[in-house]
Amino acid sequence: MVEDLHVYYGKIKALDSVSIRIGEGEAVAVVGRNGAGKSTLIKTVMGVVRASRGRIIFEEKDITNLPPWERAKLGLGYIPEGRRLFPYLTVEENLVLGGYSISTREELRERLEEVYNLFPRLRERRKQLARTLSGGEAQMLAIARALVAKPKLLLMDEPSQGLAPVVVDEIFKKISELKESGQAILLVEQNVKKALEIADKVYILETGRLVLEATPEEALRNPLVKKAYLGK
Amino acid sequence: MGRAGQVNLGQAAFVGVGAMTSAILATKYNLSFWVCLPAAAIVSFIIGSLIGVISIRLRHDFLAITTIGFNFIVVYIFLYYELFGASYGIIGIPKPLIMGLKIRGFAYALLSWAILGLAILLARYLDRSWMGIAFESIREDEDVSESIGINVKKFKVLAFAVGAMYGGIAGSLLAHFKGYIVYSDFSFPYSIMILSMSIVGGIDTIAGAIAGSFIVIMLPEIFRPLMEYRMIMYSALIIVMLFVRPQGLLGRESIVLEKIRAILIETEKTR
């Protein structure tokens, strides 16, 4: 849950009193244009960017002042915009890093196995350097890297970015599978149509302010949304 | 240096800390080299972590400038206090003894190489441990490292401290070798020399660091007539390397290693 969040970059206000709520097992999408503050929001939830005002509550715990690595231990998983893999490490090494907070070898093995079952293509490429992956594979690896630690809430920043439409479909199929298995997701997307397909709830962000909170059905019927985001 | 992506431009200061620790313990307390060396390592590790903690919020250029400042401060402390020999330096630092025999000349070189060997082994071990992986990850992408649960602050301080410890060991060896040290042995130009070593060799690999030190130390020996222009040479070397090959000779995707590999493949084919 995010409450009355304000974020400044220097004197520029990036987020202005944004409040969102993500229930257990819920997929929540935040959509909006470039520069609306979507990435800032997700980075603030992860703790990479500091909140100037407001609170972030995770499982009834105030985590606003915790550093990102503490948040990761509590169960936040982050998939950054543009994937940001470790290009000179292999697929498997990337995944092992994702499981940095896992203490025993057996548990790590187990988690890797589970992630490979979810993304069989990554198993095939486990010994390859991450930078040799195609865009879609790289995005899958980014998702898998976050999943290794078994996060309670998965934060996804623009998973469709820079991918061909067919690949976007594939990625979103995976995301929807994850959601069906009970994974709570906060998704930030420019691809409004795709985001609406999988979300339980959608927020629309415009220049740092929330302008709409709705179910996907309501959003689809909303004339403003139709006009501005779906091109109808 | 460079393992967690932090640039330390004051490495000579840590060499100085190690050298002074060793020299004071040996001359004032008559402790043997075998006690002084680890003590020098520990003291520089501790001072390294302190500086690491203080400068934790700084990145890139700002960290680099802070470490330069630290270098100057340390040198002035050495110059100011009698304990560190002030402007006269500390003299009469004994040579290490093995079974009652003084080690000097070539034997000292052997000893230094042995210690270098141990240091390399330790560095390799650290590299492959969780710590090395964390360093690598922090250098590649700090934000992502944080988000996968790596305590970036802790590891940055640690990286700094380990670097300082290596400097301290070098300092101790230097002190016992020369038998005489003075504040100006650890001034900023020597930090630049160390920097040029790691840039020439390759900033993020152990092999690079070693190759770089050999090249940078040997060059002035080969071009002795040019001795006076040493600093110009170092600076030119840094600039040229950064333009031509920022990874260094033995850095990642090293040209030298690639060449060797290519030759091996060639000979394989012709066979």
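Residues numbered from 1 in each chain as written. Chains lettered and ligands numbered in written order. Predicted model: local features only at pLDDT ≥ 70, side-chain atom pairs only at ≥ 80, totals over all residues. Heavy atoms only, no water.

Caption draft 1: Broad picture of the overall build of chain B. Per the secondary structure count, chain B includes eleven helices and four strands. Counting every position in chain B, which comprises 271 residues, the buried fraction comes to 47%. Counting contacts in chain B only where the partners sit at least 6 residues apart, residues at least 24 apart contribute 74% of the total. Accessible surface, chain B: about 14300 Å² in total, of which carbon and sulfur atoms supply 71%. (Helix = DSSP H or I, 4+ residues; strand = E, 2+ residues; numbered from the N terminus. Buried < 20%, exposed > 50% of the residue type's maximum accessible area, 1.4 Å probe, protein only. Contact = heavy atoms within 4.5 Å. Areas by Shrake-Rupley, 256 points an atom, 1.4 Å probe, with all protein chains shown as cover.)

Caption draft 2: Summary view of the domain arrangement of chain B. Residue and element names in this part refer to chain B. Its domain assignment divides chain B into domain 1 (1–186) and domain 2 (188–271). Between domain 1 and domain 2, the residue contacts involve 22 residues of the former and eleven residues of the latter. Between domain 1 and domain 2, the buried area comes to about 1300 Å², and carbon and sulfur atoms account for 69% of it. Broken down by secondary-structure element, the contributors of at least two residues to the side of domain 1 that touches domain 2 are α1 (11–28), α3 (60–80), α4 (105–128) and α5 (130–140). Grouping the constituent residues of the side of domain 1 that touches domain 2 by class yields ten nonpolar, five polar and seven charged. (Domains from an automatic or database assignment. Buried area = accessible area lost by both parts, 1.4 Å probe. Nonpolar A, V, L, I, M, F, W, Y, C, P; charged D, E, K, R; others polar.)

Caption draft 3: Summary view of the environment of B:Phe160. All names here are of chain B. Mapped onto the elements, Phe160 comes out in helix α7 (residues 152–178). With a relative accessible area of 5%, Phe160 lands in the buried category. When the C-alpha positions of Phe160 and Ile222 are compared, they lie 33 Å apart, and in sequence the two are 62 residues distant. Ignoring anything within four residues of it in the chain, the contact list for Phe160 reads Gln6, Asn8, Phe14, Gly48, Ile51, Gly52, Leu63 and Thr67.

Caption draft 4: Up close: the sheet that holds strand β6 (residues 76–79) of chain A. Residues and elements named next belong to chain A. Here we have six strands laid out as an open sheet, ordered β6-β7-β8-β3-β9-β10, and mixed in their pairing. Looking along the sheet, the strands with just one partner apiece sit at the ends: β6 and β10 (209–214). Mean inter-strand twist for the sheet, computed between neighbouring axes without regard to direction, equals 15 degrees. Note that strand β7 (residues 153–157) and strand β8 (residues 184–189) share five bridges and pair parallel. By the bridge assignment for β8, Leu154 is matched with Ile185. In the packing of helix α7 (residues 165–180) onto the sheet, the strands contacted are β3 (27–31), β7 and β8, and the crossing angle to β8 comes to about 150 degrees. (Pairing = 2+ DSSP bridges. Axes fitted to C-alpha atoms, helices over the stretch in contact; angles between N-to-C directions.)

Caption draft 5: Structural context of the pairing of strand β9 (residues 201–206) of chain A. Residue and element names in this part refer to chain A. Taking burial as the measure, the six residues of β9 include five buried ones, the bulk of the element. Note that β3 and β9 share four bridges and pair parallel. Residue pairing in the sheet places Val31 in a bridge with Ile204 of β9. Sheet analysis places β9 next to β10, joined by five bridges and oriented antiparallel. Bridge pairing in β10 places Tyr203 opposite Glu213. The hairpin turn running from β9 into β10, its antiparallel successor, is two residues long, and Thr207 in that turn takes a positive phi close to 35 degrees.

Caption draft 6: Local environment of the interface of chain A and chain B. In this assembly, 21 residues from chain A lie in contact with 21 residues from chain B. Here chain A and chain B share two salt bridges between them. Two residues, A:Arg84 and B:Asp141, come together in a salt bridge whose shortest N-O distance is 2.7 Å. Counting only elements with at least two residues in the side of chain A that touches chain B, the list comes to α2 (68–74), β6 and α3 (91–98) of chain A. Residue contributions to the side of chain A that touches chain B peak at four residues, all from α2(A). Its residues placed into classes, the side of chain A that touches chain B shows 15 nonpolar, two polar and four charged. (Salt bridge = Lys/Arg side-chain N within 4 Å of Asp/Glu carboxyl O.)

Caption draft 7: Here's a closer look at unusual backbone geometry. Residues and elements named next belong to chain A. Even without glycine at this site, Arg83 takes up a positive phi of about 70 degrees. Position of Arg83 relative to the elements: it lies in the loop between β6 and α3. One non-glycine residue, Thr207, adopts positive backbone phi at about 35 degrees. Relative to the helices and strands, Thr207 is located in the loop between β9 and β10.

Caption draft 8: Spotlight on the side chain of A:Arg111. Its location among the elements puts A:Arg111 in helix α4 (residues 105–118). Those residues within four positions of A:Arg111 in sequence are excluded, and the remaining contacts are A:Ile102, A:Leu147, A:Val148 and A:Lys150.

Caption draft 9: Just the environment of A:Glu217, in detail. Relative to the assigned elements, A:Glu217 resides in helix α9 (residues 216–221). It is 39 Å that separates the C-alpha atoms of A:Glu217 and A:Leu97, two residues lying 120 residues apart in sequence.

Caption draft 10: Local environment of helix α8 (residues 188–201) of chain B. Taking 1.5 Å per residue as the helical rise, α8(B) with its 14 residues ought to reach 20 Å, and the 20 Å between its terminal C-alpha atoms agrees with that figure. Extensive coverage of α8(B) is indicated by the burial of ten of its 14 residues. (Expected span 1.5 Å × (residues − 1).)

Caption draft 11: Region of interest: the environment of B:Ala207. With respect to the element layout, B:Ala207 can be found in helix α9 (residues 206–222). For the pair formed by B:Ala207 and B:Gly149, sequence separation is 58 residues and the distance between their alpha carbons is 30 Å.

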